[in-house]
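# Survey of secondary and tertiary structure
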Amino acid sequence: MKSFFLTVLTAFLLSGVTIRSFGQQSPGSEGTEKKWWKESVVYQIYPRSFKDSDGDGIGDLKGIVQKLDYVKSLGIDVIWLNPIYASPNADNGYDISDYQAIMKEFGTMADFDLLLAEIHKRGLKVIMDLVVNHCSDEHIWFQESRKSRTNPYRDYFHWWNAERGKPAARYSFFDVNNDAWKYDSLTNAYYLHYFGDKQPDLNWENPQVRQEIFKMMRFWLDKGIDGFRMDVITIISKDTSFPAMPAVYQGQWDKFYANGPHVHDYLKEMNREVLSKYNIMSVAEGMGVSTQDVLNFVDADRKELNMAYHFEGMGYGYLPNEWKTPDPKGYDLVGFKKIYSRWDSVFAEKGWGTIYLGNHDQPRMVTRWGNDSPAYREYSSKMLTTFLMTMRATPYYYFGDELGMTNIKFNKIQDYRDIETLNMYQKIKNEGGDTLAFIQNQKNGGARDNGRTPMQWANQPQAGFTSGTPWIKVNPNFVTINVESEDRDPGSVLNYFRRMVKLRKTKPVLIYGKYTLLDPDNPSIYSYVRELNGKKILVLLNFKSQDARVNTGFDLSKAKVLIGNYKNPAPSQLLRPYEALVLEIN
Ligand code: ISL
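Residues numbered from 1 in each chain as written. Predicted model: local features only at pLDDT ≥ 70, side-chain atom pairs only at ≥ 80, totals over all residues. Heavy atoms only, no water.

## Focus: helix H6 (residues 207-223)
- Along its 17 residues, H6 runs 25 Å from first to last C-alpha, staying within 8% of the 24 Å computed at 1.5 Å per residue.
- Two or three places before Gln208, at the opening of H6, Asn206 has a side-chain oxygen 2.9 Å from that residue's backbone nitrogen.
- Directly beyond the C-terminal end of H6, a positive phi value near 115° is found at Gly224. (Helix = DSSP H or I, 4+ residues; strand = E, 2+ residues; numbered from the N terminus. Expected span 1.5 Å × (residues − 1). Polar contact = N/O pair within 3.5 Å; in protein donor to acceptor, adjacent residues only side chain to side chain.)

## Regarding the site of the ligand
- Lining the immediate surroundings of the ligand are 18 residues, of which Asp91, Asp231, Lys324, Asp361 and Glu420 lie closest.
- With respect to the ligand, the side chain of Arg448 contributes an N or O atom lying 3.1 Å from an oxygen atom.
- Across the shell around the ligand, the residue classes tally to seven nonpolar, two polar and nine charged. (Near = heavy atom within 4 Å. Nonpolar A, V, L, I, M, F, W, Y, C, P; charged D, E, K, R; others polar.)

## A short note on the sheet that holds strand E20 (residues 580-584)
- Pairing in this open sheet of five strands is antiparallel, and the strands run E14-E15-E16-E20-E18 from one edge to the other. Two strands close off the open sheet at either side, each with one partner strand: strand E14 (514-518) and strand E18 (560-564). Taken over all neighbouring pairs, the strand axes of this sheet differ in orientation by 20° on average, direction set aside.
- Here five bridges tie strand E16 (residues 535-542) to E20, and the two strands are oriented antiparallel to one another. Residue pairing for E20: Leu541 is matched across the bridge by Ala580.
- On the sheet, helix H11 (residues 333-346) packs against E14 and strand E15 (525-532) and is oriented at approximately 20° with respect to E15. (Pairing = 2+ DSSP bridges. Axes fitted to C-alpha atoms, helices over the stretch in contact; angles between N-to-C directions. Contact = heavy atoms within 4.5 Å.)

## Side note on the packing of aromatic side chains
- Tallied over the full model, the rule gives 49 aromatic pairs.
- Centroid distance Phe142 to Tyr191: 4.9 Å. Interplanar angle 70°. Geometry classified as edge-to-face. One end of the pair, Phe142, is in helix H5 (residues 140-145); the other, Tyr191, is in strand E8 (residues 189-192), and 49 residues separate them in sequence.
- Since its relative accessible area comes to 2%, Phe142 is described here as buried.
- Feature note: the residues Tyr316, Tyr331, Phe336, Tyr340, Trp369, Phe387, Tyr515, Tyr526, Tyr528 and Phe543 constitute an aromatic cluster, connected by ring pairs.
- Over the face of the ring belonging to Trp471 we find Arg48, whose NZ or CZ atom lies 4.9 Å from the ring centre.
- Across from the ring centre of Trp160, 3.6 Å away, lies the NZ or CZ of Arg164, which sits over that ring. (Phe/Tyr/Trp six-rings, centres within 6.5 Å; stacked < 30°, edge-to-face > 60°. Buried < 20%, exposed > 50% of the residue type's maximum accessible area, 1.4 Å probe, protein only. Lys NZ or Arg CZ within 6 Å of the ring centre and 35° of its normal.)

## Quick notes on the packing of H6 against helix H8 (residues 263-273)
- H8 packs onto H6 with a crossing angle of 40° between their chain directions and a minimal axis gap of 11 Å. In terms of orientation, H6 and H8 fall into the oblique class. The hand of the H6/H8 crossing is right-handed. Here H6 contributes Arg210, Gln211, Phe214, Met217 and Arg218 to the contact with H8, which in turn contributes Tyr266, Glu269, Met270 and Glu273.
- Grouping the constituent residues of the contact of H6 with H8 by class yields four nonpolar, one polar and four charged. (Parallel < 35°, antiparallel > 145°, perpendicular 65-115°, else oblique. Left-handed = near helix turned anticlockwise from the far one by under 90°.)

## Let's talk about the environment of Ser524
- When you line up the elements, Ser524 lands in the loop between E14 and E15.
- In this structure, the C-alpha to C-alpha distance between Ser524 and Leu541, residues 17 residues apart in sequence, is 8.4 Å.
- Setting aside chain neighbours within four positions, we find Ser524 in contact with Leu333, Leu541, Asn542, Phe543, Lys544 and Ala548.

## Side note on the domain arrangement of the protein chain
- Segmenting the protein chain into domains produces domain 1 (2-133 + 207-506), domain 2 (140-192) and domain 3 (514-584).
- Computed over C-alpha atoms only, the centres of domain 1 and domain 3 are separated by 28 Å.
- If you look at the interface, domain 1 gives 34 residues, while domain 3 gives 32 residues.
- Interface area for domain 1 against domain 3, summed over the two sides, is near 2,800 Å², with a carbon-plus-sulfur share of 65%.
- The interface formed by domain 1 and domain 3 contains zero salt bridges.
- Across the contact surface, domain 1 and domain 3 share ten residue pairs in polar contact (both at pLDDT 80 or more).
- Going through the elements one at a time, H11, helix H13 (377-390) and helix H17 (493-506) are the ones with two or more residues in the side of domain 1 that touches domain 3. (Domains from an automatic or database assignment. Buried area = accessible area lost by both parts, 1.4 Å probe. Salt bridge = Lys/Arg side-chain N within 4 Å of Asp/Glu carboxyl O.)

## Quick word on the side chain of Arg498
- Following the sequence through the fold, Arg498 ends up in helix H17.
- We classify Arg498 as buried; its relative accessible area is 16%.
- Separated by 2.7 Å, the side chains of Arg498 and Asp487 make a polar contact.
- The residues touching Arg498, leaving out its near neighbours within four places in the chain, are Tyr70, Ser73, Leu74 and Asp487.

## Describing helix H15 (residues 435-446)
- In a regular helix each residue adds 1.5 Å, so twelve residues correspond to 16 Å; H15 covers only 14 Å between its end C-alpha atoms and thus falls short of that length.
- Against helix H14 (419-430) lie the buried residues of H15.
- The N-capping residue of H15, defined by a side-chain oxygen 3.2 Å from the backbone nitrogen of Leu436, is Asp434.

## Things to note about the nonpolar core
- Ranked by internal contacts, the top residues of the largest apolar core, which has 150 residues, are Phe336, Phe387 and Tyr526.
- A total of seven residues in this core trace back to one element, the largest contributor, which is H6.
- Counting 21 residues, the second largest nonpolar core, distinct from the first, contains Phe173, Val232, Trp253 and Ile419. (Core = buried A, V, L, I, M, F, W, Y, C linked by side-chain atoms within 4.5 Å.)

## Remarks on the environment of Glu378
- Mapping Glu378 onto the fold places it in helix H13.
- In this structure Glu378 comes out as partly exposed when scored by relative accessible area, which is 35%.
- The spacing of Glu378 and Ala447 is 69 residues in sequence and 23 Å in space, taken between C-alpha atoms.
- Ignoring any residue separated from it by four or fewer positions in sequence, one finds Glu378 in contact with Gly491 and Val493.

## What to know about the pairing of E16
- Here E16 lies mainly inside the structure; six of its eight residues are buried.
- Here E15 runs beside E16; their pairing, made up of eight bridges, is antiparallel. Across the sheet, the residue bridging to Ile525 is Asn542, located in E16.
- Hairpin connection between E15 and E16: a loop of two residues separates the two successive antiparallel strands, and Asn533 in this loop has a positive phi of roughly 45°.

Take a look at the structure:
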């Protein structure tokens, strides 16, 4: 399935790929200013799939409250909640019809207040999703805006009057025709939607829009939330002349979509008027952001945001010019190491990084980056967790990965729920394309639904997620992969996660220490040293299903094992399949 659209879209998502040699050793970071959000582990909850308390098959806020002791038991610090606002759910809550109301399936504002109080009571923090590049077409602003060309809300959105002709092409992620302009006959004009046609883009160039958004942010911050994860915040500013894109793609996609002319002005304004007034954290979904421009968002001196997460790692290992199709030969570890080392080096002096291997838009961590076969699922899950918890960056950890939950790999389009999969399927069908091949790719990794199946609480009907029919099928492997059984087993993936989080929290060197990549060309082993005030920790990770030799130059005879994912771990220059070892070497 190749097309100009896919080429540019893929390139845009991955535009972090800038050719620059990576520093193998990052300069000292001992001067990095200490902040609570640098020391935190973030645990992401997709509320729709976490716990259903009322039997309607959809997770809800009361369900989260019921499971907060479990969340606390993980040792994490901050919960990131995907959108819980009122929404017709064209894109599972990323289409908001009222920013100051709770989605009816999830509960009420009273439930939210209870949730917030219960989170804080346990010493945890919570950040909310801020989705303000677009809202829902059912939001009152859009309902008003489309009524007439002179409506006071008209300029809340990007309209293009049809007598000017059709505007220059812009591509939409979730549109059946990939067309980001939708014609509305009511006023004979097109409106812009970078995502689904029920997700019109807000016009940030209008100061009134910005004021409305800032007011809404204060509403939540005044309630006491601890920050925001900002959805596609990098694309809020647009060149409203909407110039034509070059006929031949030359890597300039982001100029037309992300990093618009005023994005930094708007983020500075947001910081000045809102963020700086609270002790909170902010993290951008850094779509289209590269190592070369990320500091423009997160250098503290610029007074914009605290952190951003990039897409370069996520896009790695896909076939070129194909939509999210993992290379059947697997991914090359040498390139993987380069990516994470380069992103570490950017923040050596300024800013602060993030690290993640999965979220609600991605397949499950173990299936994508490890090995979900029965022999290696547990070892590779633990190895990947070791990686996330020993890098110099705030880890964002997706619910269920602590159990080693796997992709569900649906074979039938009827099982999928995600707008992205459904609309892309429809598009291919309309064009007479190969829908079977598409499903195969979705199943093998591309589908976001792979990571959205319900939390596996117990070996009970519907994995203990709901007493009703779940909105999306439960992965049948809940019989063995579930909280109840893993909780009892000291050697489980779950208990390894808890130990790993604890280790990070008790060793400042794992948070602030300098990172030095070792043996960069080793095709199987990822090894590095973390170092702070003379304390050194060596991390050895085998990413392959065969034994592999490490080559670090360190004498391991006096090394002390802090943690390992095999029974009775001992320092060794030969690692077993997916073995992870964390060693103190002084
Ligand atoms: O999910 C993706 C790839 O399949 C991304 O392209 C994704 O659409 C992009 O990262 C933006 O994601 C965010 O905004 C979307 C929403 O669907 C995602 O869930 C959200 O994380 C629109 O709000």
